[in-house]
Structures are given as structure tokens and as C-alpha cells.
Amino acid sequence: MTILDGKKVSNDIKEEIAEHVSGMKAKGEKVPHLAAVLVGSDGASMTYVNAKVKACERIGFESTLIELPEYTSEEELLEKINELNTNDDIDGFIVQLPLPEQIDEQKILMAIDPDKDVDGFHPVNVGRMALDLPTFLPATPYGILELLERYQVETSGKNVVVMGRSHIVGRPMSILMSQKRKAGDATVTVVHSRTKNLAEITKQADIIVAAIGISEFLTGDMVKEDVVVIDVGITRVPDATKKNGYRLAGDVDFASVSQKASYITPVPGGVGPMTIAMLLKNTLLARERRS
Ligand code: GUN
């Protein structure tokens, strides 16, 4: 069994980008500038956004963190987005999800200039992705493709089961892996909360992407020998033995599934760090497209 080490691969990618940025600086070019908008103070979202901003600093990007209170109105957030769209110094920006309930997520995502939408969530960019046109790929699915590619996991003709149909992970993942591309050309099945005989389907899978949002849902009896398992889940599970009172769990029961898997991602240290690396890659692309 091989661990798909997202931490290591993401560090390799960040080093590659850092080198590129040094070259830009040496030539007197403007370095990429990412802005992140965080509304409210959800603990997990704060952790993710801070990690994104810190990663920018480490590789030589400029970054701006915009923190807005939980009670921010939709109108105020739209105004902030308009500012970022028109600020020539900002190459790309993200609005961290989820948003408080008074704000319509789709309305917000549609307000972002598609050329600065480094999350790849704007309908124009989702459409471009679905039509195999060049665009910003959503960072988590993009990170999974990159991880499979760098470990030379064969995907062509394989049965891939994507668990979950979220706009951020499941839906784009299922589209990307069925496309003619590296880490693609797969036969993709999407399963979700209404799927019948789910374990019968997962047992047929050569590759499983678990993004269902239920901790330790996928167990060893639901997979076949030598399966490749990508765990996208990250949930805080109460654990009295830990100092902070919780442990991080994925959607996969690592102990039982890793007994059968040929490749598996750990949580933490698998998909999470890859998401950040690909966001940086998209920001670099945004900068290059603008120059
Ligand atoms: N919330 C969970 N994942 C993501 C992501 O990739 N981007 C944004 N903006 N919000 C998220």
C-alpha cells in the first residue's frame, strides 16, 4: 500500500511556483496577488483561509485577507466583490464558502469576474471546464488529478466511483475524470445520499473519490482489493484524549480501507494541502493571463 502524500507533492508544487515567482521578480515583473474574503468566524473556514494566505507569503505572492462580520449583508458583500473586480492590483480572489444564510451563494459567485475567479466556481468557468476549454479548474478536483498524475496512477478505462455531487468537489470531479485528459478517460459513476445498493457499486470501483461529508463512511467491506482511495472529507470528531478536544477524520475509515487499498490519501496531509497548491497555481495563471 502506498500513501498518496499530498503534503509532499504540494510542497514540490509550491517550490516550483516559488522558483517561477523569483524569476518574475528578477525580471521586475509584478508578482501574483491573491485576495481572500472570509465572512464570519467559522473555525474551519478561518483555518483554511489563513492557510491560503500563509502559503502565498511563503512562495512570494502578495496576499490580502478581507474579514467581514457574520452579519454582513448580501449587498455589502457584492460591493466588496465589485471593488476586487475593478482593483487592477488584484489578480485573483476567492470568497470562502459556506456563506452565512442571509447571503445567496450563487448570486455572489456570479458576481465574481470570471477572469479573477481562481476557485473556478463562476458558471462561465464551470461551463468552460465542462466543454474542455482552458479555464481555472476548481482547486480540490484539480489537486486530486495532479496527485493521481504525479503518482502515475492509471485512470484510463478504470471504474471511478465519485461519492458526492457537491458543486465544489463531486460534480466537477465526475466531469473531469470522464474527459479525455491525463488522469481522465475513466468510466465514472456518481453515488449520493439517494443511491441504492451503494456498497455494491463501490465494490466495483478501481478508484474511489470519497466526498460525501460523513466521517469514516467508507469502510473496508465496501471496497475491493487494490482499490485506489482519495479521501476528500475533513470533519472535526470529538475526542477527549486530544488537547483541543477533537481529531480530524476523513470520509474513509482509514484503518480498514488501507488494509485493501493499493494507494490511499491520509487525512490530514492528503487532499487538503493539494487544494491550496492548486489555488496558487490558478493565481499564477491569472497573473500571467493579465500581463
Ligand atoms: N470551502 C470549502 N472548500 C472551498 C474552496 O475550495 N474554495 C472556497 N472558496 N470555499 C471553500
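Residues numbered from 1 in each chain as written. Predicted model: local features only at pLDDT ≥ 70, side-chain atom pairs only at ≥ 80, totals over all residues. Heavy atoms only, no water.

1. Looking at the overall build of the protein chain
When helices and strands are counted, the protein chain shows 10 helices and 11 strands. Scaling as 2.2 N^0.38, a compact globule of 291 residues should have a C-alpha radius of gyration of about 19 Å, and the protein chain matches this with 19 Å. Residue pairs at least 24 apart in sequence account for 70% of intrachain contacts in the protein chain once pairs closer than 6 positions are excluded. Entry remark: accessible area of the protein chain is about 13900 Å², with carbon and sulfur atoms responsible for 50%. (Helix = DSSP H or I, 4+ residues; strand = E, 2+ residues; numbered from the N terminus. Rg over C-alpha atoms; globule rule 2.2 N^0.38 Å. Contact = heavy atoms within 4.5 Å. Areas by Shrake-Rupley, 256 points an atom, 1.4 Å probe, with all protein chains shown as cover.)

2. Some thoughts on the sheet that holds strand β11 (residues 263-264)
Pairing in this open sheet of six strands is parallel, and the strands run β1-β11-β8-β7-β5-β6 from one edge to the other. Each edge of the sheet is formed by a strand with only one pairing partner; in this case those strands are β1 (2-3) and β6 (187-191). Relative to strand β8 (residues 228-231), strand β7 (residues 207-210) runs parallel, the two being bridged by four bridges. From the neighbouring strand, I207 faces β8, where its bridge partner is V228. (Pairing = 2+ DSSP bridges.)

3. What to know about the layout of surface pockets
Gaps left between atoms show up when a probe the size of a water molecule is rolled over them. Each pocket or cavity is described by its volume, and for the largest pocket that value is around 1400 Å³. Together, 48 residues line the largest pocket, and Y48, V232, I234, G272 and T275 are the ones closest to its centre. When residues of the lining of the largest pocket are traced back to their parent elements, those giving at least two are α1 (6-26), α2 (43-59), α6 (139-150), β9 (235-238), β10 (246-249) and α10 (271-290). The biggest single contributor to the lining of the largest pocket is α2, with eight residues. Taken together, the residues that form the lining of the largest pocket break down as 25 nonpolar, 14 polar and nine charged. The computed volume of the second largest pocket comes to approximately 240 Å³. Around the second largest pocket, the lining comprises 15 residues; the ones closest to its centre are Q106, F121, V126, H167 and I168. Elements represented by at least two residues in the lining of the second largest pocket include exactly α4 (105-111), α5 (123-130) and α7 (170-178). Looking at the lining of the second largest pocket residue by residue, the classes come out as 10 nonpolar, three polar and two charged. (1 Å grid on protein atoms, 1.4 Å probe; cavity = no way out; pocket = protein on both sides within 12 Å on 5 of 7 lines; lining within 4 Å. Points joined across faces, edges and corners; volume = space filled by probe spheres on them. Nonpolar A, V, L, I, M, F, W, Y, C, P; charged D, E, K, R; others polar.)

4. Describing a nonpolar patch on the surface
There is a patch of nonpolar side chains on the surface, built from M1, I3 and F254 and spanning about 270 Å² of accessible area. Overall, F254 belongs to the partly exposed group, its relative accessible area being 33%. (Patch = residues over 30% accessible without salt bridge, like charges linked within 9 Å, V, L, I, M, F, W, Y side chains within 5 Å. Salt bridge = Lys/Arg side-chain N within 4 Å of Asp/Glu carboxyl O. Buried < 20%, exposed > 50% of the residue type's maximum accessible area, 1.4 Å probe, protein only.)

5. Description of the side chain of D251
Tracing the sequence through the fold places D251 in the loop between β10 and α9 (254-257). There is no salt bridge for the buried D251, and the closest opposite charge comes from R247, which lies 11 Å off by N-O distance. In this structure D251 touches A210, A211, I212, G213, I214, S215, E216, F217, L218, D231 and G233, once residues within four positions along its chain are discounted. (Lys, Arg positive; Asp, Glu negative; His and termini not counted.)

6. Some remarks on the site of the ligand
Around the ligand, the surrounding shell consists of K52, V95, Q96, L97, D119 and F121. The contact in question runs from a nitrogen atom of the ligand to an N or O atom on the side chain of Q96, over 3.3 Å. Separating a nitrogen atom of the ligand from a backbone N or O atom of L97 is a distance of 2.9 Å. Contact with the protein chains covers 84% of the free accessible surface of the ligand, which is 280 Å². Comparing atom positions with the cavity grids shows the ligand to sit within the largest pocket. Taken together, the residues that form the shell around the ligand break down as three nonpolar, one polar and two charged. (Near = heavy atom within 4 Å. Polar contact = N/O pair within 3.5 Å; in protein donor to acceptor, adjacent residues only side chain to side chain. Sits in = over half its atoms within 2 Å of the grid points.)

7. Re the nonpolar core
In terms of nonpolar packing, the biggest core is built from 52 residues, with I17, F61, I144, L148, I230 and L280 touching the most fellow members. If one sorts the elements of this core by residue count, α10 sits on top with nine residues. Other than its neighbours up to four places away in sequence, I230 contacts L4, I144, L148, I208, V209, A210, T265 and V271. (Core = buried A, V, L, I, M, F, W, Y, C linked by side-chain atoms within 4.5 Å.)

None of this, on its own, says anything about what the molecule does.
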